[in-house]
Amino acid sequence: MSKLPEGITAQEVQAIGELAAKVVIQVFESGIAWDHAVTALGMATKSLAVGMPWEDQANRIDHAQKAFGIGFNQKVRIAYVDVSGHQIEIGSPDEAKQKLTVPGAQARIVFD
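What comes next is a walk through the structure. This one's a predicted model, so the numbers in the text were calculated from it and none came from an experiment. (Residues numbered from 1 in each chain as written. Predicted model: local features only at pLDDT ≥ 70, side-chain atom pairs only at ≥ 80, totals over all residues. Heavy atoms only, no water.)

**Overview of the environment of Val24**
Tracing the sequence through the fold places Val24 in helix α1 (residues 10-30). As for Val24 and Leu100, which are separated by 76 residues in sequence, their C-alpha atoms are 8.5 Å apart. Val24 has contacts with Ile78, Leu100 and Ile109, leaving out every residue within four places of it along the chain. (Helix = DSSP H or I, 4+ residues; strand = E, 2+ residues; numbered from the N terminus. Contact = heavy atoms within 4.5 Å.)

**Quick word on the sheet that holds strand β2 (residues 87-89)**
Read across the open sheet, the three strands follow the order β2-β1-β3; overall the sheet is antiparallel. The open sheet is flanked by β2 and β3 (107-111), the only strands paired with a single partner. Adjacent strand axes in the sheet meet at a mean angle of 40°, parallel and antiparallel pairs treated alike. Sheet topology places strand β1 (residues 76-81) next to β3; five bridges connect them, and they run antiparallel. Bridged to Val76 within β3 is Phe111. Seen against the sheet, α1 touches β1 and β3 and runs at an angle of roughly 125° to β3. (Pairing = 2+ DSSP bridges. Axes fitted to C-alpha atoms, helices over the stretch in contact; angles between N-to-C directions.)

**Comments concerning the layout of surface pockets**
Empty space among the atoms becomes visible once a probe the size of a water molecule is rolled across them. Taken as a whole, the largest pocket holds about 2,000 Å³ of empty space. Elements with a minimum of two residues in the lining of the largest pocket: α1, α2 (34-51), α3 (60-72), β1, α4 (93-100) and β3. (1 Å grid on protein atoms, 1.4 Å probe; cavity = no way out; pocket = protein on both sides within 12 Å on 5 of 7 lines; lining within 4 Å. Points joined across faces, edges and corners; volume = space filled by probe spheres on them.)

**Regarding the pairing of β1**
Across three bridges, the pairing between β1 and β2 is antiparallel. For Val81, the partnering residue across the bridge sits in β2 and is Gln87. Following β1, the chain reverses through five residues before pairing antiparallel with β2; Gly85 in that reversal takes a positive phi of roughly 90°.

Right, here's the structure in full:
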């Protein structure tokens, strides 16, 4: 498992998890196959590297690949927030699809 980059704040960890959860919900709602969704994430990663301003222009694709790898190597769990505000971890892909496609579903990606 890769460590998160040095200096990442608790707020950034929460924001990363929230963004990842939104992506997971979008994939479930779209009906796209999971492996095609992973391909789309790779394309989005490269698009961010190409389109975002960064000081070291020559190495941004390489940096993006490394950053993608750090995210991919995290231990993650998918959870949803029930109506009473409790976070409940999801145990299977079927449960994830059932819980996360409900209108207004709130998901969280929990990682160590």
